[in-house]
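# Commentary on secondary and tertiary structure
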Amino acid sequence: MYVFFLLLALLFLIAVLIWVDLNLGRKRSKSSAVNRLIGHKHAFVSIFDDGVNFYDALLRDIKGAQHSVDIQFFLVKWDESTKQLSELLQQRAQEGIKIRFLLDRIGGYRLPKKERKRLRQSGVMLRFANKPSFPYFLYDLNFRNHRKVTIIDQKSVYVGGFNIGKEYLSKEPRFGFWRDCVVKLEGEAVYTFVQVFASDWGDPFHIIPKQAPAFDGAQVEVVITEADGYEDWLLHQIHQAKEYLYIGTPYCVPSRRVEAALKRASERGVDVRVMLPTKVDHYIVNQVSFHFARRLLQHGVRVNLYQNGFYHAKIILSDDSWCAVGSANLDGRSLLINKELTMTIRENDLFYAQLLALWRKDEQSSIDASLHDIKKRPWIAKATGIVFRPLRHYL
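A few points on the structure. (Residues numbered from 1 in each chain as written. Predicted model: local features only at pLDDT ≥ 70, side-chain atom pairs only at ≥ 80, totals over all residues. Heavy atoms only, no water.)

### A word on the overall build of the chain
Helix and strand content of the chain: 13 helices and 16 strands. Since a compact globule built from 395 residues should have a radius of gyration of about 21 Å, the 21 Å found for the chain is in line with a globular shape. Across its three principal directions, the C-alpha atoms of the chain cover 65 × 55 × 40 Å. The buried share of the chain, taken over its 395 residues, is 58%. Nonlocal contacts in the chain, meaning residues at least 24 apart in sequence, comprise 83% of its contacts between residues at least 6 apart. As presented, the chain carries roughly 17,400 Å² of accessible surface, and 57% of it is formed by carbon and sulfur atoms. (Helix = DSSP H or I, 4+ residues; strand = E, 2+ residues; numbered from the N terminus. Rg over C-alpha atoms; globule rule 2.2 N^0.38 Å. Buried < 20%, exposed > 50% of the residue type's maximum accessible area, 1.4 Å probe, protein only. Contact = heavy atoms within 4.5 Å. Areas by Shrake-Rupley, 256 points an atom, 1.4 Å probe, with all protein chains shown as cover.)

Okay, structure coming up:
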């Protein structure tokens, strides 16, 4: 009996320490968070909706770089695609191009130590962002830099949801075709992304003056968020929607405030739609996602389940007036914890029409989920969604 109570006390102590770590860590993160919306920048924009075309364009631009390549990803898989990129970065560094390569500490753990050494020996400046540290170690494990940005010569930038790995190039059989979205920008707006990268990099480096405005290009707003900054920004967009709001995301685990706002928007007559993958990449997260999809369906939100492979795009379209592409998912980590980078594009009917056409195309490759569809999932899947629902802020 003594041992039982001792173990019970120990478990209670561990639970208290975890609670203190997560809550104080979150308070510290919120107090030091940098959340900014930088608007009225102009740029020429183009869209990539599959990994092969994006990766080919990325490698081509890195090969053609004249001065610098600043590249940041959340996650890299150690496979042929990563090896190809690593070899190219080493080659360009040896040719005198300044290469700054920034990876999230947790997302980049698969990059082998030997490869890190080779990169650095070749002249590539490799760093890891958001290294977990004490005193709030558990919170820091969850506080990730989820941004994906590549800047070429500080004149053009790729922004979106792709990471580096064979699944992003549609070469992973269990996923098949990988639907994602990346936007390339050229013009005045690139200057803002350079500043964001420099802040994440940590040390100052030479930044060239920003380019002249491209007045015939798109109007771009850069949304820089961490802690609960993305939640605040998204809530504003939901409240402003009048006719329709389409959200593409691989995960539907909204915070309580965002869930309530989506329900209210639907109930006041806004056509709210959420595009999700049918296929599962993270079992627990996906089952919790289906759980919240069911709750949204009950309030008139339309849920599309993508059938033609895996859906990983992070896009928003609203009222024929603006659209957004970035790194943020509709989940607790993006809404309340991670460093994210989103851009909204306005005053460009052509780009909006292209993204809307892509949404329509994806809808044709989807099925409309019904409450019956969601409820007929295996009991273990439904139980998983319910059991892990309380962890919504960390999924």
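Further notes follow.
### Here we look at the packing of helix α3 (residues 80–94) against helix α4 (residues 113–122)
Their axes nearest at 8 Å, the elements α3 and α4 cross at an angle of 20 degrees. If you check the angle between α3 and α4, you find them roughly parallel. Crossing of α3 against α4: the hand is left-handed. Contacts between α3 and α4 involve Ser-86, Gln-90, Ala-93 and Gln-94 from the first element and Glu-115, Arg-118, Leu-119 and Ser-122 from the second. For the contact of α3 with α4, the per-class residue count stands at two nonpolar, four polar and two charged. (Axes fitted to C-alpha atoms, helices over the stretch in contact; angles between N-to-C directions. Parallel < 35°, antiparallel > 145°, perpendicular 65-115°, else oblique. Left-handed = near helix turned anticlockwise from the far one by under 90°. Nonpolar A, V, L, I, M, F, W, Y, C, P; charged D, E, K, R; others polar.)

### Observations regarding the pattern of salt bridges
As enumerated under the stated definition, the model contains 24 salt bridges in all. Across the pair Asp-200 and Arg-147 runs a salt bridge, and its minimum N-O distance is 2.8 Å. A residue pair is termed long-range when its members are at least 10 positions apart, and Asp-200 in helix α6 (residues 190–201) and Arg-147 in the loop between α5 (137–142) and β5 (149–152) qualify at 53 residues. Taking relative accessible area as the criterion, Asp-200 reaches 12% and is therefore assigned buried. The exposure class of Arg-147 is buried, given its relative accessible area of 3%. Measuring nitrogen to oxygen at the nearest pair gives 3.0 Å for the salt bridge that ties Lys-263 to Glu-259. Taken together, the positions of Lys-263 and Glu-259, both in helix α8 (residues 256–267) and four residues apart, correspond to about one turn of that helix. (Salt bridge = Lys/Arg side-chain N within 4 Å of Asp/Glu carboxyl O.)

### Considering the side chain of Asn-329
Here Asn-329 is to be found in the loop between β14 (322–326) and α10 (332–336). Among the residues examined, Asn-329 registers a relative accessible area of 5% and is labelled buried. Within polar-contact distance, the side chain of Asn-329 engages the side chain of Lys-314 at 2.5 Å. With near-sequence residues (within four places) excluded, Asn-329 lies in contact with His-146, Tyr-230, Thr-249, Pro-250, Tyr-251, Lys-314 and Ser-334. (Polar contact = N/O pair within 3.5 Å; in protein donor to acceptor, adjacent residues only side chain to side chain.)

The quantities given are spatial measurements derived from coordinates; they are silent on function.
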